[in-house]
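# Inside the fold
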2 protein chains.
Amino acid sequence: MTNRFSFTIHASSGKARTGTIRMKRGDIRTPAFMPVGTAATVKAMKPETVRGIGADIILGNTYHLMLRPGAERVARLGGLHKFMNWPRPILTDSGGYQVMSLSDLRKITEEGVTFASHLDGSRHLLTPERSMEIQRLLGSDIVMAFDECPKIEQGRDAIARSMEMSMRWARRSRAGFDSGGEHAESAALFGIQQGALDAGLRRESADALRDIGFDGYAIGGLAVGEGQAAMFATLDFAPAMLPEDRPRYLMGVGKPDDLVGAVERGVDMFDCVLPSRSGRNGQGFTHAGPINLRNARHAEDTGPLDPRCSCDVCANYSRAYLHHLHKSGEILGAMLLTEHNLAFYQQLMAGMRAAIAEDRFAVFAADFRRDYFAGR
Amino acid sequence: MTNRFSFTIHASSGKARTGTIRMKRGDIRTPAFMPVGTAATVKAMKPETVRGIGADIILGNTYHLMLRPGAERVARLGGLHKFMNWPRPILTDSGGYQVMSLSDLRKITEEGVTFASHLDGSRHLLTPERSMEIQRLLGSDIVMAFDECPKIEQGRDAIARSMEMSMRWARRSRAGFDSGGEHAESAALFGIQQGALDAGLRRESADALRDIGFDGYAIGGLAVGEGQAAMFATLDFAPAMLPEDRPRYLMGVGKPDDLVGAVERGVDMFDCVLPSRSGRNGQGFTHAGPINLRNARHAEDTGPLDPRCSCDVCANYSRAYLHHLHKSGEILGAMLLTEHNLAFYQQLMAGMRAAIAEDRFAVFAADFRRDYFAGR
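Model, not experiment: these values are computed from the prediction.

Residues and elements named next belong to chain A. Each domain of chain A was delimited in the assignment, giving domain 1 (5-272) and domain 2 (279-372). Look at where the C-alpha atoms of domain 1 and domain 2 centre, and you get two points 27 Å apart. Counting from both sides, the interface comprises 31 residues of domain 1 and, opposite them, 24 residues of domain 2. Regarding the contact of domain 1 and domain 2, the summed buried area is about 2300 Å², with carbon and sulfur atoms giving 72% of it. For the domain 1 face of the interface with domain 2, the top three residues by lost area are Ile53, Pro256 and Val260, together amounting to 26%. Our enumeration of links across domain 1 and domain 2 arrives at 1 salt bridge. Across the pair Glu264 and Arg369 runs a salt bridge, and its minimum N-O distance is 2.5 Å.

If you want it as structure tokens, here you go:
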């Protein structure tokens, strides 16, 4: 039990913190960015490359995996880690967000969500109890409570009702997780704060979660179209409502400047499809801002994608070559740009961790923004 | 000049030979299989992985590269090796075959072939001289003479006229290559025997090529739909018409059993898109024959793709996982299956080289066929 889950904060700088989460499958250095491995693969990357760029933990999507290949099948095959050849920690989401954004014919009741698969139209019911069971069958290291992520434009009353139901679901998630036997003794469970942009609702949600008790706490319901200013305004108060000594995870975020601003406000963990999805679409992140490799101006550029990047892609390939691969629709173009983008994100996290350890985060953040927005 | 090109035969077993081609960018162990890197990438593989599975040399396609990114552009960017991060030998074809199979609006004259690009419809003229120039601009290590590959059903007269023109083009290729200055002093030039299935025409073609003189000799015009029996019948006499002390390269071949049968008949080099294209389409090669990973019978198979294979894919992933990736259309599915298939081919070549060195090729070939066709 001693190596089930611990979080140690080594240093802080302003509200920013750096620390280590210890779990049986490995340590997670925070602030941490988790590459998204939706369907049991971080798209276009071999797992050893994901590890090679410095990722300590990846994310798997319950919604996708329950539909294909199926949670029971993954369990019969020995669990998600063995299936996808990733021996380190995996965090799985609860399926709630993707059910709302991807599936057809959704019906939400107190019991859970009934929906039709986007793959074959088959009907499914996802409840807090079933979400816990699926995440247990997958063998998840960090299990997320099942919640509803309401649309931000619904208004305070609807958001309040949704948050209150999510808190009842959080309690059912806790009970479902705790009844998981051996898995509950080795994995961790995170609750998810809701309440959109409203400080009062965020406070109510945080209090409900603290009352139940979780290993870590996520900030949900952001990065859903409210814009960076509104997100940062919410992050000015939301993290401090959550227990100081537990990791805080901002779900589905974000752009490099989002990460810096969120760490500045006390967030410890992130996940986002942006670096990998952008990589497949020809967008590369650099210290001087994002660039589109498909643009003709890169066609004869022998320089690296980002001269300040230490990844293998920047060491061995030119912008001209990446341009050629993306113009030609070559798989290697998606592979190399995904690798670079995720390496860029890991380097950004490592830079933030070092700056926090040396209590110079404000200077790091100012320097980052100066360079990143210089081209604007 | 001493390290420009040499071919040493170490051992033979029946008609099969094993040896080493030495060039300034590295050694090529024969019999050799060259992965195809059409558009400056072996599709879905990083170059270090291509090397890691044992490839000594890859092939680049003049037709694709002249159209995109363009030979002059590749030259300005420092040549194909630097562009694609492959420092070892590259063989480039002449463009003749792809012009006939891929482009639109072809017109063949004694001068060369006028065609329209399959990418944008732009008009181009490819001649022996221009083909040599393009291969020089790319920085090719083994340059192929420009030839015409006639359809096998055209009849003897048309094939004879085509072969005779290809021999005149071979002489012009030799002259064009030799006028290439520094490149001609470091690269090698191979001639291509034509004549379809006709022993008389193959003899005339071989004599014409020997008269011109080349570093190596390819057998062209096969694997174009004639079937394995007709191909083997031709290979019963064609290789022996070519100089004994020079490498013999059978272009565009083939299936694993094609390779074994061709080595058995005295062939030293091969290239084919089959292992990489099959890999992207879900077909995996094994010692017990090819299998389709998309088939539902693999969905819960925890075993490796090929238990006799020593590649990283077979060491770390199950058939069930490969099935899932290919059913889900994941890029990693193409990556892993391409890697396995090309590793399987390299292991097959290594097995043949060892069997020849120990003068037990007939037994090796019989064992291979027994296992490979056991499932039929």
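There is more to say, and it comes next.
On to the side chain of His323 of chain B, then. Residues and elements named next belong to chain B. Locating His323 in the fold gives a position in helix α14 (residues 319-327). Residue His323 is classed as buried on the basis of its relative accessible area of 7%. Setting aside residues no more than four positions away along its own chain, His323 makes contact with Leu293, Arg294, Asn295, Ala296, His298 and Ala299.

Let us look at the UniProt feature "binding site: Zn(2+)" (unreviewed entry) in chain A. Residues and elements named next belong to chain A. What UniProt calls "binding site: Zn(2+)" (unreviewed entry) maps, in this numbering, to Cys309, Cys311, Cys314 and His340. Spatially, the listed residues are clustered: although they cover 32 residues, their C-alpha atoms lie within 8.4 Å of one another. As for its placement among the helices and strands, Cys309 is situated in the loop between β16 (291-292) and α13 (312-316). Overall, Cys309 belongs to the buried group, its relative accessible area being 10%. Along the chain, the position of His340 falls in helix α15 (residues 331-357). Exposure remark for His340: the relative accessible area of 0% places this residue in the buried category. If we skip the residues at most four places from it in the chain, His340 touches Phe285, Leu305, Asp306, Cys309, Cys311, Val313 and Cys314.

What follows concerns the UniProt feature "active site" (unreviewed entry) in chain A. Residue and element names in this part refer to chain A. Per the UniProt entry, the sites bearing "active site" (unreviewed entry) are Asp93 and Asp271 in this numbering. Look at the named residues: they lie 179 residues apart in sequence, but the longest C-alpha span between them is just 10.4 Å, so in the fold they bunch up. With respect to the helices, strands and loops of the structure, Asp93 is situated in the loop between β6 (90-92) and α5 (96-102). Residue Asp93 is classed as buried on the basis of its relative accessible area of 9%. Each residue touching Asp93, except ones within four places of it in the same chain, is listed here: Gly60, Asn61, Thr62, Tyr63, Gln98, Gln135 and Met144. On the secondary structure map, Asp271 appears in strand β14 (residues 269-271). Here Asp271 is in contact with Phe33, Met34, Val36, Leu59, Tyr249, Leu250, Met251, Gly252, Val253 and Gly254, once residues within four sequence places are set aside. Within the structure, Asp271 has its side chain in polar contact with the side chain of Tyr249 (distance 2.7 Å).

Moving on, we get to the relation of the copies chain A and chain B. With an RMSD of 0.0 Å, the operation that places chain A on chain B is a rotation of 180° combined with a shift of 0.0 Å along the axis. Expressed as an axis order, the relation between the two copies is that of a two-fold axis. Closest approach to the rotation axis within chain A is made by the C-alpha atom of Ile331 of chain A, at a distance of 3.7 Å. Here 100% of the contact residues of chain A are again contact residues in chain B; the copies associate through an equivalent surface.

Right, let's get into the interface of chain A and chain B. Of the residues lining the interface, 37 residues belong to chain A; the matching set on chain B comes to 37 residues. Counting each side, the surface lost to burial between chain A and chain B is near 3300 Å², with a carbon and sulfur contribution of 55%. Per-residue buried area on chain A facing chain B is highest for Lys46, Glu300 and His324 of chain A; these three make up 17% of the total on that side. The interface formed by chain A and chain B includes 8 salt bridges. At the surface where chain A touches chain B, the tally comes to 18 residue pairs in polar contact (both at pLDDT 80 or more). The element best represented in the side of chain A that touches chain B is α15 of chain A, accounting for 6 residues. Considered class by class, the residues forming the side of chain A that touches chain B number 19 nonpolar, 7 polar and 11 charged.

Thresholds, definitions, all that
- Residues numbered from 1 in each chain as written.
- Chains lettered and ligands numbered in written order.
- Predicted model: local features only at pLDDT ≥ 70, side-chain atom pairs only at ≥ 80, totals over all residues.
- Heavy atoms only, no water.
- Domains from an automatic or database assignment.
- Contact = heavy atoms within 4.5 Å.
- Buried area = accessible area lost by both parts, 1.4 Å probe.
- Salt bridge = Lys/Arg side-chain N within 4 Å of Asp/Glu carboxyl O.
- Helix = DSSP H or I, 4+ residues; strand = E, 2+ residues; numbered from the N terminus.
- Buried < 20%, exposed > 50% of the residue type's maximum accessible area, 1.4 Å probe, protein only.
- UniProt positions renumbered as here; feature names shortened; annotations may be inferred.
- Polar contact = N/O pair within 3.5 Å; in protein donor to acceptor, adjacent residues only side chain to side chain.
- Least-squares fit on C-alpha atoms with pLDDT ≥ 70 in both.
- Nonpolar A, V, L, I, M, F, W, Y, C, P; charged D, E, K, R; others polar.

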